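# Observations on the three-dimensional arrangement
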Number of protein chains: 2
Amino acid sequence: MKKIQIGLLGLGTVGSGVWKILHERRALLRERAGVDLQIKKILVKHRNKKRTVSVPRRLLTDDISQILNDPEIQIVVEVMGGEGASLRAVLGAIRRGKHLITANKTLLANEGHKIFKEADRRQVSVGFEASVAGGIPIIKSIREGFVGNHIQEVYGIINGTSNYILSQMTERGASFEEVLCEAQQKGYAERNPYKDISGEDAAEKLLLLISLCYGGWFSMKNIYVEGIHRITPFDIQSAGELGFVIKLLAIAKGEDSRVQARVHPVLVPKSHPLADVSGAFNAIFLKGDAIGPAMFYGRGAGMMPTASAVVSDIVDIAKSIDCCEARITPSLHSLAVESVDKSSNEYYFRFTVFDRPGVLGQIANCLGKNRISIASVHQREQVKGGKVPILVVTHKANEKDVQKAIHEIDRLSVVAGKTMMIRMERF
Amino acid sequence: MKKIQIGLLGLGTVGSGVWKILHERRALLRERAGVDLQIKKILVKHRNKKRTVSVPRRLLTDDISQILNDPEIQIVVEVMGGEGASLRAVLGAIRRGKHLITANKTLLANEGHKIFKEADRRQVSVGFEASVAGGIPIIKSIREGFVGNHIQEVYGIINGTSNYILSQMTERGASFEEVLCEAQQKGYAERNPYKDISGEDAAEKLLLLISLCYGGWFSMKNIYVEGIHRITPFDIQSAGELGFVIKLLAIAKGEDSRVQARVHPVLVPKSHPLADVSGAFNAIFLKGDAIGPAMFYGRGAGMMPTASAVVSDIVDIAKSIDCCEARITPSLHSLAVESVDKSSNEYYFRFTVFDRPGVLGQIANCLGKNRISIASVHQREQVKGGKVPILVVTHKANEKDVQKAIHEIDRLSVVAGKTMMIRMERF
């Protein structure tokens, strides 16, 4: 039986999970995959640190060259995170002809061009199933399961922290700040939660999905990103009364090799399967021209789900070693960008106005002037220091017109605060 | 570039879909998979029949030997359905060293043992992604994506016809007979709908899932099967009031290589993701020890979704030809059977009794004697010819005790009709 030696870079949460599965299931994996998988060396910072998994000390090293320069190691698994040192390690492994597996979406989103180019040149495979939606085999499904499809649209709940915060706000009517603080205390949110709540983390993952779905490379700067920090319990409650829940979605739509990509809060109809994805779960809903609509749901993070995805990549690559050609790396030609400005959506607006007669007229005029047609208006008595919210739901309107209208409305003297705009999706 | 010639057995709905994708997307598939795929011959009954897809007549043959004896054809795709002729065709192809792809779950469920054994002997691959849940890449996900997991439980909505009927009954309060008749008129249900509504079709698919999840072979006769034909609008409405929807689920639970398998209607909590899977959609919810809970959702049937799954198998096998070894066929050792009798569940009972005092006492006594503890009783005034329904929801009870209790209760003189029992799942 073929024996494959693996070098593991990092023994944190995910690394420990990978060790557990490969070590405890060696026999099972031999049976299922026909390959004998063995971790030969593990790169750690501190060899003597106490760990949650029991790993023979002789496997641990703090010298990466012991992995990179070992010709017996054919697969390198990067689970150390970060960017600078990981990039050097990853490129070093590829340049020595080793296949690479990484769970590092930030690295791939920012340096993927360099990494995939090098992999292509050295004819090695790059596995990154663990980098998007943890244990959900979404990359394999798009790349292999849907190989005969043109993917038309992708909608993902792919940031667990934001989804947890929005779910808690929805369930308990609590404020963003309150839930975030609690999530940080419980360890569900990072001490610095910026990347999660700003939508940036979701955008990095979206970029990887786009490369698989649309066969080309996208730049982070071409993804429109808006976070969840301005959403209030009032918005969530109002959305609920209209039959929607608010979710942070990563969206890509492609047509004629032009791709529109955006991450922002969305009003999702309660009847849509994405509406029920709550807590730290992830889900990806997509439409392919042959399969129609499909959805994948599961844990997006955590030790064992992520390790499960890494192991799936290890098995795939190990099986292909010495027989098949390396897997085709994502195509690196630049995709054409369809600007979000050109999209048309229905919109939810929450205007904050002074409680005076004639206010609605001024707002409605401004919307009308910008070709935005109103579907419904909801005014609830919630006076705060003379300020009241007015909710407006629109028919389909052009994004550029909407941006312009908001800019104008926010300058009206009757308007007392920044307008909240959330896009609606009907799927 | 490697060129692979394919023989297609059948040009019905699925066959036409496969032709469409391979023909129209030949360049795309070359780019994505690095293989040039070409259909060389297609077996049809009538060469001159008018068809929905335009296929060059020279490809059509009514003589299967032209495919089986053509050494250039390396992959045979069986999409003709049925059992006798298909089995001969499939075994003929395998014996000539051709790789096989089939969408025929009935054939695999009943003759899989023979087919996989032969494939193993001849070292050819058998792809059957299209046989379970149409376009959803569930077989690939279990086999490859979750390769590092022990799958603990599987729950599938894998019969579109039953799910469509139950969804319509739920939405419209219509009777089983009414909806079935309408579904037949619309072509959503077969003229002979027995296999779908009896649960047998779902059981065939479950058997294939079991072989992948638990690494062994199961026999159809060891799957407990109960259909949906006795469910009434009253049951659906009552379940709704209790916070549940009724779904036909295919369930497998495995522990210590003993597997319990059953197909029957289930009360699913409305908050569970399976509850929202309506119409002709399929979904598979499973729990793996590493990934935790995961769900896959999509179209379970239809020309293009099924063809998409067939094409995914074609690409996988084509890529492996002349380099990798054949994919490992499902293990054929018999799995130990855990009898459904030994399961414990919560239950929903609808007793039909004569409207007399003391009836509930007799029923409650009988349940108590059989160690079944009542969680709640609901008696609604719905007198029909002196008969009234009593609803009882139980705490966890043993299936064998429940079967015995129902047998006894149905013989009580106060009982006016056969008791309806539906199991509940909390997941």
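Residues numbered from 1 in each chain as written. Chains lettered and ligands numbered in written order. Predicted model: local features only at pLDDT ≥ 70, side-chain atom pairs only at ≥ 80, totals over all residues. Heavy atoms only, no water.

## Here's the deal with the environment of Ile136(B)
Residues and elements named next belong to chain B. Note the following rule: By definition, any uninterrupted DSSP run of H or I lasting at least four residues is a helix, any uninterrupted run of E lasting at least two residues is a strand, and each is numbered from the N terminus. Exposure categories follow from relative accessible area, calculated using a 1.4 Å probe and restricted to protein chains: below 20% of the type maximum is buried, above 50% is exposed, and the middle band is partly exposed. Should any heavy atoms of two residues lie within 4.5 Å, those residues are considered in contact.
Within the secondary structure, Ile136 is located in the loop between strand E6 (126-127) and helix H6 (138-145). The exposure class assigned to Ile136 is buried, which follows from its relative accessible area of 3%. Each C-alpha atom of the pair Ile136 and Tyr188 lies 19 Å from the other, and the pair is 52 residues apart in sequence. If sequence neighbours within four positions are ignored, Ile136 has contacts with Glu129, Asn282, Phe296, Tyr297, Gly298 and Arg299.

## Here's the deal with the interface of chain B and chain A
Note: interface size is frequently given as the accessible area lost on complex formation between the parts. In plain terms, the rule: As a working definition, buried area equals the accessible area (1.4 Å probe) given up by two parts on being put together, with both sides summed. Here, a salt bridge means any side-chain nitrogen of Lys or Arg that lies within 4 Å of a carboxyl oxygen of Asp or Glu. Residues adjacent in sequence count toward polar contacts only when both atoms are side-chain atoms; beyond that, a polar contact is any pair of N or O atoms within 3.5 Å, and within protein one must be able to donate a hydrogen and the other to accept it. Throughout, the ten residues Ala, Val, Leu, Ile, Met, Phe, Trp, Tyr, Cys and Pro are labelled nonpolar, Asp, Glu, Lys and Arg are labelled charged, and all others, Gly among them, are labelled polar. At least two DSSP bridges between two strands are needed for those strands to be called paired.
Taken residue by residue, the interface counts 46 residues in chain B and 46 residues in chain A. Considering only the surface of chain B that becomes buried against chain A, Arg32(B), Val147(B) and Tyr297(B) emerge as the three largest contributors, covering 17% of it. Our count for the chain B to chain A interface comes out at 4 salt bridges. With a closest N to O distance of 2.6 Å, Glu144(A) and Lys140(B) form a salt bridge. The tally of links between chain B and chain A comes to 16 residue pairs in polar contact (both at pLDDT 80 or more). For the side of chain B that touches chain A, the elements supplying multiple residues, two or more each, are helix H2 (26-33), H6, strand E11 (281-288), strand E12 (292-299) and helix H12 (303-320) of chain B. Top element by residues in the side of chain B that touches chain A is H12(B). It accounts for 9 residues. Partitioning the side of chain B that touches chain A into residue classes produces 25 nonpolar, 11 polar and 10 charged. For strand E12 (residues 292-299) of chain A and E12(B), the ladder comprises 5 bridges, and the chain directions are antiparallel.

## Remarks on the pairing of strand E1 (residues 2-9) of chain A
All names here are of chain A. Extensive coverage of E1 is indicated by the burial of 6 of its 8 residues. Pairing of E1 with strand E4 (residues 73-78), which is carried by 5 bridges, proceeds in the parallel orientation. Directly across from Gln5, in E4, lies its bridge partner Ile73.

## Some thoughts on a nonpolar patch on the surface
For the record, the criterion: In this scheme, patches are assembled from residues that exceed 30% relative accessible area and form no salt bridge. Like charges are connected within 9 Å, while nonpolar side chains (Val, Leu, Ile, Met, Phe, Trp, Tyr) are connected within 5 Å. For every accessible area listed, the method is Shrake-Rupley and the probe measures 1.4 Å; residues are considered covered only by the protein chains on display.
A surface patch of nonpolar side chains, about 190 Å² in accessible area, is lined by Leu360(A), Ile374(A) and Val377(A). In this fold, Val377(A) is placed in strand E15 (residues 374-379).

## Focus: the packing of aromatic side chains
Pairs of aromatic rings are described using the distance from one ring centre to the other and the angle between the two planes. Rule in force here: Only Phe, Tyr and Trp rings are paired, with Trp represented by its six-membered ring, and only when their centres lie within 6.5 Å; those with planes under 30 degrees apart are stacked, over 60 edge-to-face, the remainder tilted.
Under the criterion given, the structure shown has 21 aromatic pairs over all chains. Seen in terms of ring centroids, Tyr155(A) and Phe285(A) are 6.2 Å apart; in terms of plane orientation they differ by 50°. Their pairing is tilted. Pair noted here: Tyr155(A) is in strand E7 (residues 151-157) and Phe285(A) is in strand E11 (residues 281-288), with a separation of 130 residues, a long-range link. With a relative accessible area of 4%, Phe285(A) lands in the buried category. With 5.7 Å between their ring centres and 70° between their planes, Phe116(B) and Trp217(B) make a pair best called edge-to-face.

## As for the relation of the copies chain B and chain A
Both copies of the chain are related through a single rotation about an axis accompanied by a shift along the same axis. Quick note on the threshold: When the copies are superposed, the least-squares fit takes in the C-alpha atoms of residues with a pLDDT of at least 70 in both.
Between chain B and chain A, which share one sequence, the superposing operator has a rotation angle of 180° and an axial displacement of 0.0 Å; the RMSD is 0.0 Å. In the structure described here, the two chain copies are related by an operation that fits a two-fold rotation axis. Looking at the interface residues of chain B, 100% of them are also at the interface in chain A, so both copies use one shared face.

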